[in-house]
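# Chain and residue survey
The primary structure of each chain is shown beneath.
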Amino acid sequence: MNLTLIIPEIFLFLWALLILFVDFFTAEEKKHRLGPLSLVGIVITVVLVVFSGQGQAFGEMFSADYYSLSFAIIFLGSAFLAICTSIDFARERIKHQGEYYALILLSTVGMMFLAASRELLSMYVSLELTTISLFVLSAYLKTDLKSSEAGLKYMILGAASSAILLYGISLLYGITGTTVLKGIQAELVGSAFPGPLLVISLVFIIAGFSFKLAAVPFHMWAPDVYEGAPTPITAYLSVASKGAGLAAMVRVFFGSLLPVTSEWIPLFMALATMTMVLGNIVAIRQSNIKRMLAYSSIAQVGYILVALSAASELATTSMILYLLVYMFANIGAFAVVIAFYNHSGTDEICEYAGLSRRSPFLAISLVIFFLSLVGIPPLAGFVGKYLLFLAAIQKGYYWLVGVAVLTSVISLFYYMNVVRQMYFRKPTKNDPVKVSWSLRLALVLSLIGVIAVGVYPDPFVSLISKAASVFVY
Amino acid sequence: MNMGESFPILTVVTFLPALGIVLLLLVDKNRQLLVRNVALFTSLVTFLVSLFLYFKFDPGTGDMQFVELYSWIPSLGMGYHMGIDGISLFLVLLTTFLTPIAIWSSYNAVTEKVKGFMISILALETGMIGVFVSLDLFLFYVFWEAMLIPMYFIIGVWGGPRRIYAAVKFILFTMTGSLLMLVAILALYFVNQSYTGVATFNLLDYQGIQIPFNYQIWMFLAFALAFAIKVPMWPLHTWLPDAHVEAPTAGSVLLAAVLLKMGAYGFLRFCFPLFPEATIHFIPLFSILAIIGIIYGAFVALVQKDVKSLVAYSSVSHLGFVMLGLFALNMQSLEGSILQMLSHGISTGALFLLVGMLYERRHTRLISDFGGISKVMPVFAAFFMIVTLSSIGLPGTNGFVGEFLILLGTFRENWLYAAFGATGIILAAVYMLWMYQRVMFGKVDKPENQKLKDLSLREKLILVPIVIVIFLIGIYPSAFTSRMEASVAKLMETVNEKYRVEEVMPQVQPRRDFQIDESQLEVSTHSFGGGEIHRGQ
């Protein structure tokens, strides 16, 4: 057994415990320093992930490969950015800061295990570690009714979806006699399946994962939770938790269920269509920017599902790349929202009027992040969408890409609505919005990400295509 | 083709304005004059550098010149590929010529957020030039889309009272078209890959393949929709009057002069050589839409009360001429169309400038608010007269040559189209001269009009180069057509040759799945042998 492979995960776990430990001995007014301390832990973990070797451990359960590496970097990146955006927020509005940072780190550990897992049960356990930490984080503003509601809703629906997922897994185990993905694939290739049981199990598994991804029609929890949760957690949820769901889903479907693609591709197409259409259309009507971003992030999952239906190497590359660029743009956008909220205490879109005069830097950053989310070149989101659509066109899914591009036009409308407020309207107040160093760091890193991946995507594409070649299509 | 060994002049021309943006970012935004001068200086330098293209251009060949080719995302076949031929040369020059004029014209008109305005204009210039010089479809699309954003801000921030509506309408219309074009670009990539086995977005490589007819139809329509919205062709023109009327003068000038040309340019550069069969299939449809545009635009222009929207609708009519010429598909008509694109850019650009100057003085553009202006502003009236006549197409001015060639070429293909098209010229004379008469002649019956100042030195200097170009094209058009000829001839050859080959080819069945495997490649090279033969010719 090769334990060196899981050094990064073990290290991050210990660092989370260290934060809890230090928390005991830190005076209340100094606790905000735990944030930078967590950042240090993440940076060290990134280094460990990059330099730790590749291979398998615990039999078939754990596999450190380019796939897990890519996802681990995305998860650690979003945890880093989320903590950057948390520091002021937590200092002002949150009690028990030590646990807050520790929980973020713990959920990241769960995600890293998830991406590396090649066996259904260990995958399930990692998923639970991730989501249970996130339940607590969503309800972190204890005195705020909306936050408590968010936590409760997330927990009940999350538990229900986990049960559904577990039921699907058990059926799959019943059919194939194994929970190891490779074994499942071998079983499915060799036999005269699919029977109705397999279809039922696939439906349950897809439903379970779709809850985690917030794909329509399993999205109902998302807007309420996103609105109620502390905004940095919303940012983290909208990227990392979706990424975790995606990592597991791609691993399961491309790693074991490719022999029966005809059974599940139509389901994903239907999910993708509904998710893109509903997410984008409902986002138009939102007046609260967090809710708008919630629906927009639902819609973004729809685009990823388009590529998931394509089930090819290019599809995997495009999904991981898209997740990366989505991370920069979405957390960047949330960073602006948090900065604005810290200053003015509101998330209403109409309050953004004239922000371009009050804080030109914040305004132009938000424009860039939104344009990237729409997919306007030369920003990263364009490259991401380009590859997603390329993967779908390769399989001849013209109508699906047609839906995707038309809903992208709709998305332009609601993103531009915020831009319109910031640039075309006069401000009601004139005080500039203050931005602390940590938020500024998150903003600048996201901006660099959005522009660098957009202008010169080649190194990212070639690294990620190595991750995509983990599966045999 | 030299692979970028020589001086990368196209890159320099494209990104000089972007460099100007960097300079502008360093300037304090409160020093408005300095901000304006830096922007003007940058665009002037860009123009001077681009003149080099004109003089170094080799009129003897229809191939791409000044080619630069580097790989960008090699794993997927995207390249940084630039080059110009006789078709794009003048559009690049038109862009670099009008941008400094637009910037200079806004010295008095734009007084708020000057820095943002200048940054937007320069970003727009980079995007516009990039569209005309890109020979890689990915790169082209990047510029094509990126350009929308500065225009959106120009209309939305510095526009008139209904600017928000106009800006949103503008961006939604153009985005819808371009995204459908994106789907076609991606499909084209796989069609090419299934024939040649090479993953590339290089436009010149695509010209070598024979695309099955039923694919051509759909791809043509997807590209054509994007371009027809941009032109704009009737009935997709409704965004144009709003955008034009609400945009600030400099925005209207660049919108009319350059952005609209991108649509027509797209047809020439992409639709015709890539989908020749579909092009010929759609000649009647597009010709009739063009004729409707000519006549409809003219009639609507006739009843406008606002000078600026009159000019906007006249654009719909004039661009109808361009489209009519393009779809007549012969040497005369194509050269006429390209020339008409330039002429329209110059004349309509100048009209918007003149209307802007009037608006700065009176803060109204209603025709009924004027009358007898020629008595108060004689110099202005003289310039206005020249530009009006050039817009109508008086012999000796630029408008005449293009329209004449278009009608000549169209007549050879279909006399009925030409006859209907010709009514547009008559109507143009009616609405332009009638407007001129109501604004300029008669009594000065409004007291506000009696004290209007005539043109300042700056305004005269803005208009003089335009008038020079108006007469230059009108009197000596071969300075322009001689450089187009070889490229247009080559385009005609590509269209005709592929069309002829296709006629003797068996009808090809499409495949749903473009994934490459060896056996499919075998089949495709056998049955579509034509693709190989024509590559590189």
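Residues numbered from 1 in each chain as written. Chains lettered and ligands numbered in written order. Predicted model: local features only at pLDDT ≥ 70, side-chain atom pairs only at ≥ 80, totals over all residues. Heavy atoms only, no water.

## Describing the interface of chain B and chain A
Contacts between the two partners involve 41 residues from chain B and, on the opposite side, 39 residues from chain A. Between chain B and chain A, the buried area comes to about 3600 Å², and carbon and sulfur atoms account for 75% of it. Summed over the shared surface of chain B and chain A, the result is 1 salt bridge. The partner of A:Arg357 in a salt bridge is B:Glu112, and the shortest N-O contact between them spans 3.4 Å. Run the count over chain B and chain A and you get 5 residue pairs in polar contact (both at pLDDT 80 or more). Broken down by secondary-structure element, the contributors of at least two residues to the side of chain B that touches chain A are strand 1 (65-73), helix 5 (137-146), helix 6 (148-158) and helix 7 (163-196) of chain B. Here the element with the most residues in the side of chain B that touches chain A is helix 7 of chain B; it accounts for 17 residues. Tallied by class, residues from the side of chain B that touches chain A come to 31 nonpolar, 4 polar and 6 charged. (Contact = heavy atoms within 4.5 Å. Buried area = accessible area lost by both parts, 1.4 Å probe. Salt bridge = Lys/Arg side-chain N within 4 Å of Asp/Glu carboxyl O. Polar contact = N/O pair within 3.5 Å; in protein donor to acceptor, adjacent residues only side chain to side chain. Helix = DSSP H or I, 4+ residues; strand = E, 2+ residues; numbered from the N terminus. Nonpolar A, V, L, I, M, F, W, Y, C, P; charged D, E, K, R; others polar.)

## Notes on unusual backbone geometry
Among all residues except glycine, the phi angle is most often negative; among peptide bonds, the trans geometry is most common. With an omega dihedral of -10 degrees, the bond running from B:Val231 to B:Pro232 counts as a cis peptide bond. Structurally, B:Pro232 can be placed in the loop between helix 9 (213-230) and helix 10 (239-246). For the bond from B:Trp234 to B:Pro235, the omega torsion is 5 degrees, close enough to zero to count as cis. Following the sequence through the fold, B:Pro235 ends up in the loop between helix 9 and helix 10. At A:Ala311, a residue that is not glycine, the phi angle is positive and equals roughly 45 degrees.

## Thoughts on the confidence of the model for chain B
Residue and element names in this part refer to chain B. Per-residue pLDDT for chain B has a mean of 84; in total, 92% of the residues score no lower than 70. Summarising per-element confidence for chain B, the mean pLDDT is lowest in helix 23 (residues 530-534) (37) and highest in helix 4 (residues 114-133) (92). Here residues 502-537 is modelled with pLDDT under 50, and outside its nearest four sequence neighbours on either side it reaches 53 contacts, counting other chains as well. (pLDDT = per-residue confidence, 0-100.)

## Describing the pairing of strand 2 (residues 78-84) of chain B
Residue and element names in this part refer to chain B. Across the 7 residues that make up strand 2, a large majority, 7, are buried. Side-chain alternation along strand 2 places Met78, Tyr80, Met82 and Ile84 on one buried face and Gly79, His81 and Gly83 on a second face that is also buried. The sheet contact formed by strand 1 and strand 2 spans 6 bridges and is antiparallel. Across the sheet, the residue bridging to Gln65 is Ile84, located in strand 2. Turn length for the strand 1-strand 2 hairpin, with the two strands adjacent in sequence and antiparallel, is 4 residues, and the turn residue Gly77 shows positive phi of about 85 degrees. (Buried < 20%, exposed > 50% of the residue type's maximum accessible area, 1.4 Å probe, protein only. Pairing = 2+ DSSP bridges.)

## Concerning the packing of helix 9 (residues 221-228) of chain A against helix 12 (residues 289-310) of chain A
All names here are of chain A. Two numbers describe how helix 9 lies on helix 12: the axes approach to 8 Å, and their chain directions differ by 140 degrees. With respect to helix 12, the axis of helix 9 lies oblique. The chirality of how helix 9 crosses helix 12 is right-handed. For the pair helix 9 and helix 12, contact is made by Ala222, Pro223, Asp224, Tyr226 and Glu227 and by Lys290, Arg291, Ala294, Tyr295, Ser297 and Ile298, respectively. Considering only residue class, the contact of helix 9 with helix 12 consists of 6 nonpolar, 1 polar and 4 charged. (Axes fitted to C-alpha atoms, helices over the stretch in contact; angles between N-to-C directions. Parallel < 35°, antiparallel > 145°, perpendicular 65-115°, else oblique. Left-handed = near helix turned anticlockwise from the far one by under 90°.)

## Some details on the packing of aromatic side chains
All names here are of chain B. For the coordinates displayed, the defined rule picks out 64 aromatic pairs over all chains. Between Phe132 and Tyr265, the aromatic rings sit 5.1 Å apart at their centres with planes inclined by 90 degrees, giving edge-to-face as the arrangement. Separated by 133 residues along the polypeptide, Phe132 in helix 4 and Tyr265 in helix 11 (residues 249-274) bring together distant segments of the chain. Taken together, a centroid distance of 5.5 Å and an interplanar angle of 80 degrees make the contact between Trp144 and Phe227 edge-to-face. Of the two residues, Trp144 is situated in helix 5 and Phe227 in helix 9; the sequence distance between them amounts to 83 residues. (Phe/Tyr/Trp six-rings, centres within 6.5 Å; stacked < 30°, edge-to-face > 60°.)

## Comments concerning helix 20 (residues 457-475) of chain B
Between its terminal C-alpha atoms helix 20 of chain B stretches 27 Å, which fits the 27 Å expected from 19 residues at 1.5 Å a residue. Buried within helix 20 of chain B we find B:Arg458, B:Glu459, B:Ile462, B:Leu463, B:Ile466, B:Val467, B:Val469, B:Ile470, B:Ile473 and B:Gly474. (Expected span 1.5 Å × (residues − 1).)

## Comments concerning the side chain of B:Ser120
Position of B:Ser120 relative to the elements: it lies in helix 4. Not counting residues up to four positions away in its chain, the partners in contact with B:Ser120 are B:Pro150, B:Phe153, B:Ile154 and B:Trp158.

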